[in-house]
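A closer look at the structure
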Amino acid sequence: MDYRMCWLEYRGLPADAAGKLKDWFSSVSILEPGSSVLKDEIRRFSERSIGITPRFYSRPLKKEKYIMVGRLESLPIKLDENLGEEGFMLRTLEWNGSKILLVTGETKKALVYGIFDLMKRIRLGEDIEKMNVLEKPKAKFRMLNHWDNLDGTIERGYAGNSIFFKDNRIIINQRTQDYARLLASIGINGVVINNVNVKKREVYLIDSIYLKRLKKLADIFREYGIKIYLSINFA
């Protein structure tokens, strides 16, 4: 077991369940440019849970069954749905001689949420042949508030040191992406990375000495539909 992956470890499914999914996941059409996060998550799930490596396409296919992922405006199928900025839809339907499992929304981050939700439902045993889900978050801000200090300590922290800071430096490593991935999978869309009690050194987080590193951190989280926020000192 890889404990770093928590609930996204993607263990192998029972043989009968995996067998029913292979035709669906062998071909995946992603109608979204710059879709590495979507591809990586589908590939990871397919390889670990089903035992196959999917082939990805950027166009609709002529297949008996396949998965199509794309924003509403890019779909060849016209759907009259108002999903909002972060809402998504999972629907199995027939189109152009194929049976398609559709993952769609109005933005890229909605697609990310939709893919994670699809994996969850499959692992819980829902029938992919009858998928019909529409989700629209009611809370606009779904945030975590870290009380991390630049030196790596955490005020009122009881489970180790900061994953964002150490010795007055911003940490970016594999765990950074792992954390963003975990948060996106449960619909978190914002993270405050530093202590609300802004201390002397933390004042400089909005200065040029940290901005380049902060941008790199923000870019990683943005791929998963998450914004990072800073606590600042107004005094």
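Here, every reference points to the structure presented above.
To start, this report covers the structure provided alongside it.

Let us look at the packing of aromatic side chains. Enumeration according to the criterion identifies six aromatic pairs in this entry. Note on Y179 and F221: the rings are 6.5 Å apart at their centroids and 75° apart in plane angle, and the pair reads as edge-to-face. You can see Y179 sitting in helix α4 (residues 174–185) and its partner F221 sitting in helix α5 (residues 208–222), a full 42 residues away along the chain. Residues Y179 and F221 agree in their burial class; the two are buried.

This next bit is on helix α1 (residues 15–25). By the burial criterion, the buried members of α1 are A18, L21, W24 and F25. For α1, the arc enclosing every buried residue in end-on projection is 105°, short of the 170-degree limit, so these residues lie on one face. α1 presents A15, D16 and K20 as exposed residues on the side facing more than 90 degrees away from its buried surface. Close packing links the buried residues of α1 with β1 (27–30), α2 (36–50), β3 (65–71), β4 (88–95), β5 (98–105) and α3 (108–123).

Moving on: a nonpolar patch on the surface. Taken together, the side chains of V203, Y204 and I209 present a nonpolar region at the surface, about 270 Å² in accessible area. With respect to the helices and strands, the residue V203 is situated in the loop between β10 (190–192) and α5. Classification of V203 by relative accessible area gives partly exposed; the value is 39%.

Running from amino to carboxyl end, α3 crosses α4 at an angle of 80°, the nearest separation of the two axes being 9 Å. Considered as vectors, α3 and α4 are oriented roughly perpendicular to each other. Residues V112, Y113 and F116 of α3 form the contact with α4, whose own contacting residues are R181, A184 and S185.

A separate point is α3. Here α3 contains 16 residues, and its C-alpha end-to-end distance of 23 Å stays within 8% of the 22 Å for a straight helix at 1.5 Å per residue. Counting buried positions along α3 yields 13 of 16 residues, so the element is predominantly enclosed.

For the rest of this paragraph, the subject is the pattern of salt bridges. Applying the stated criterion across every chain yields a total of 18 salt bridges. As a salt-bridge pair, K99 and E129 come within 2.8 Å of each other at their nearest N and O atoms. Placement of K99 in strand β5 and of E129 in the loop between α3 and β6 (132–135) is noted, with a sequence separation of 30 residues between them. Relative accessible area serves as the criterion here: at 27%, E129 is assigned to the partly exposed category. The partner of K108 in a salt bridge is E223, and the shortest N-O contact between them spans 3.5 Å.

With seven of its eight residues buried, β5 lies for the most part within the structure. Here seven bridges tie β3 to β5, and the two strands are oriented parallel to one another. Looking at the pairing, G70 lines up with T104 of β5. Here eight bridges tie β4 to β5, and the two strands are oriented antiparallel to one another. Bridge pairing links R91 to L102 in β5. Hairpin connection from β4 to β5: two residues lie between these consecutive antiparallel strands, with N96 at a positive phi of about 55°.

Rules behind the numbers
Residues numbered from 1 in each chain as written. Predicted model: local features only at pLDDT ≥ 70, side-chain atom pairs only at ≥ 80, totals over all residues. Heavy atoms only, no water. Phe/Tyr/Trp six-rings, centres within 6.5 Å; stacked < 30°, edge-to-face > 60°. Helix = DSSP H or I, 4+ residues; strand = E, 2+ residues; numbered from the N terminus. Buried < 20%, exposed > 50% of the residue type's maximum accessible area, 1.4 Å probe, protein only. Arc of directions from axis to C-beta. Contact = heavy atoms within 4.5 Å. Patch = residues over 30% accessible without salt bridge, like charges linked within 9 Å, V, L, I, M, F, W, Y side chains within 5 Å. Areas by Shrake-Rupley, 256 points an atom, 1.4 Å probe, with all protein chains shown as cover. Salt bridge = Lys/Arg side-chain N within 4 Å of Asp/Glu carboxyl O. Axes fitted to C-alpha atoms, helices over the stretch in contact; angles between N-to-C directions. Parallel < 35°, antiparallel > 145°, perpendicular 65-115°, else oblique. Expected span 1.5 Å × (residues − 1). Pairing = 2+ DSSP bridges.

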